[in-house]
Amino acid sequence: MPSRCHPPMPNEQNGDTALAHGVVHAISLSPAYASDHTLFAVAWEQVYRSTNGGQTWLHVGGRLRDGLHELALSPNYAVDHTLFVGVSECSIVDAFWKSTDSGEHWTSVGGNPGWCYLQSLITLPTSGSTYEILVGDSWGGAFRSSNGGLAWIKLLDGRFSMALSVSPGYSQDHTMYVGQKSGKLFKSTNAGTSWANLTASLSEQGNGNNGIHIWRGASHNEIGQSEAGKQNVISHNGIGGVI
């Protein structure tokens, strides 16, 4: 499928002191922020850039599409000026976007690799100028790309993989962590080939379910759902204790 390139839209109101298009979903700083003071923000359908530490912002790249949710810069941004944005929707063609000119122009780099509602996005330096991309979503788990988002492999199953982090020495120790909304925490020391479940080390765990859910009468009421909790009287402590 051919890529689609979106140029900036004309008559943009740039140089604003605030972001103009609603909720800011993600912010990413340049790896050379100490010297270039550059950072980016994504707000649903648009990307903004600041080169003075956030004092003023430029709307760059025009309107890409609805659902932009996560943003990450290349570890070599100071040289390659590359950044990525991902879409928090399911079953769409343009799920991942790439810019190689600091956000001025964007190209769709492929369809949805199997994720649904993107929740997290980071880049992983490997060796020299090479890097990988790691994403987590609401339904599929955690995915990695080694070629700029053209192809992906699934590293870990599980719903709501909302927290991703890697070791500062990832290129040597290959250590990464994935946290899920259910309270599960996983660690890999071989770049995602295998995972250790660290969930038992957490003092409070969840299962992503509500403790008590009273909704439209008795036939829809739920107590405890899938498991009773070890440290909770009613349930395993979902996102809402009592609704």
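A few points on the structure. Once a new chain begins, its residue numbering starts again from 1 and follows that chain's sequence as written. For a predicted model such as this one, the threshold for reporting local features is a pLDDT of at least 70, and the threshold for listing and counting side-chain atom pairs is 80 or more; totals across whole chains, interfaces and linings nevertheless cover every residue. Side-chain numbers here rest on the full set of heavy atoms in the structure, without hydrogens or water.

### A word on the overall build of the protein
Secondary structure is summarised from DSSP: a helix means a run of H or I of at least four residues, a strand means a run of E of at least two, and numbering begins at the N terminus for each. For the protein, the helix and strand inventory stands at 3 helices and 19 strands. Counting over 243 residues, the protein shows a buried share of 43%. Here the contacts in the protein between residues at least 6 apart in sequence split such that 39% fall between residues at least 24 apart. As displayed, the protein offers around 12,000 Å² of accessible surface, 54% of which is attributable to carbon and sulfur atoms. In this scheme, a residue with accessible area under 20% of its type's maximum is buried, one over 50% is exposed, and one in between is partly exposed, where area comes from a 1.4 Å probe on protein chains only. Whether two residues are in contact is decided by their heavy atoms: any pair within 4.5 Å suffices. For every accessible area listed, the method is Shrake-Rupley and the probe measures 1.4 Å; residues are considered covered only by the protein chains on display.

### Examining a nonpolar patch on the surface
Here, patches come from residues exposed beyond 30% relative accessible area and free of salt bridges, joined within 9 Å for like charges and within 5 Å for nonpolar side chains (Val, Leu, Ile, Met, Phe, Trp, Tyr). Criterion for a salt bridge: a side-chain nitrogen of Lys or Arg within 4 Å of a carboxyl oxygen of Asp or Glu. Taken together, the side chains of Val24, Ile27 and Leu29 make up a nonpolar region of the molecular surface, amounting to roughly 260 Å² of accessible area. One can find valine 24 in the loop between strand E1 (5–6) and strand E2 (26–29). On the basis of relative accessibility, which here comes to 35%, the residue valine 24 falls in the partly exposed class.

### Observations concerning the packing of aromatic side chains
Ring geometry is summarised as follows: Phe, Tyr and Trp rings, the Trp one being its six-membered ring, pair when their centres sit within 6.5 Å, and such pairs are stacked at plane angles under 30 degrees, edge-to-face over 60 and tilted between the two. Applying the stated criterion to the full structure yields 4 aromatic pairs. Seen in terms of ring centroids, phenylalanine 40 and tyrosine 77 are 5.8 Å apart; in terms of plane orientation they differ by 80 degrees. Their pairing is edge-to-face. Residue phenylalanine 40 is found in strand E3 (residues 39–43), and its partner tyrosine 77 is found in helix H2 (residues 77–80); the two are separated by 37 residues along the sequence. Of the two residues examined, phenylalanine 40 and tyrosine 77, each falls in the buried class. Look at phenylalanine 84 and phenylalanine 96: their rings are 5.6 Å apart centre to centre, the planes differ by 20 degrees, and that puts the pair in the stacked class. Of this pair, phenylalanine 84 sits in strand E7 (residues 83–87) while phenylalanine 96 is found in strand E8 (residues 96–99), placing the two residues 12 residues apart along the sequence. One aromatic cluster is present, built from ring pairs that chain together Phe84, Phe96, Tyr131 and Trp152.

### Notes on the sheet that holds strand E13 (residues 153–156)
In sheet architecture, strand pairing relies on hydrogen bonds along the backbone and comes in two forms, parallel and antiparallel. The antiparallel open sheet is built from 4 strands, whose spatial order is E10-E11-E12-E13. Each having just a single partner strand, strand E10 (118–125) and E13 make up the two edges of the open sheet. For this sheet the average axis-to-axis angle between neighbouring strands, irrespective of direction, equals 25 degrees. Sheet topology note: the E10/strand E11 (residues 131–137) ladder contains 7 bridges and is antiparallel. What makes two strands pair is DSSP finding at least two bridges between them. Each axis is a line fitted through C-alpha atoms, and for a helix only the stretch in contact is used; angles between axes span 0 to 180 degrees, taken between their N-to-C directions.

### A look at the pairing of E3
Counting buried residues in E3 gives 5 out of 5 residues, a clear majority hidden from the surface. Alternating residues of E3 divide into Leu39, Ala41 and Ala43 and Phe40 and Val42, and every residue in both groups is buried. Where E2 lies against E3, 4 bridges are found, and the strand directions are antiparallel. Residue pairing for E3: isoleucine 27 is matched across the bridge by alanine 41. For E3 and strand E4 (residues 46–50), the ladder comprises 5 bridges, and the chain directions are antiparallel. Residue leucine 39 lies in a different strand from E4, and its bridge partner there is serine 50. Taking the residues between adjacent antiparallel strands as the criterion, E3 and E4 are bridged by 2 residues, where tryptophan 44 takes a positive phi near 65 degrees.

### Examining the nonpolar core
The tendency in soluble globular proteins is for nonpolar side chains to be buried side by side. Side-chain atoms within 4.5 Å link the members of a nonpolar core, which is a set of buried Ala, Val, Leu, Ile, Met, Phe, Trp, Tyr and Cys residues. One finds Val47 and Val85 to be the most contacted residues of the largest nonpolar core, which totals 15 residues. Those elements that place two or more of their residues in this core are E3, strand E6 (68–73) and E7. Sequence-distant contacts of valine 47, defined by excluding residues within four places in its chain, comprise Phe40, Ala41, Val42, Leu58, His59, Val60, Leu64, Leu68, Val85 and Trp106.

### Section: the sheet that holds strand E5 (residues 58–60)
The strand order across the open sheet formed by 4 strands is E2-E3-E4-E5, and the pairing between neighbours is antiparallel. Each having just a single partner strand, E2 and E5 make up the two edges of the open sheet. Recorded for the sheet is a direction-independent mean angle of 25 degrees between the axes of neighbouring strands. Bridge count between E4 and E5: 3 bridges; the pairing is antiparallel. Opposite arginine 49, over in E5, you have leucine 58 as the bridge partner.

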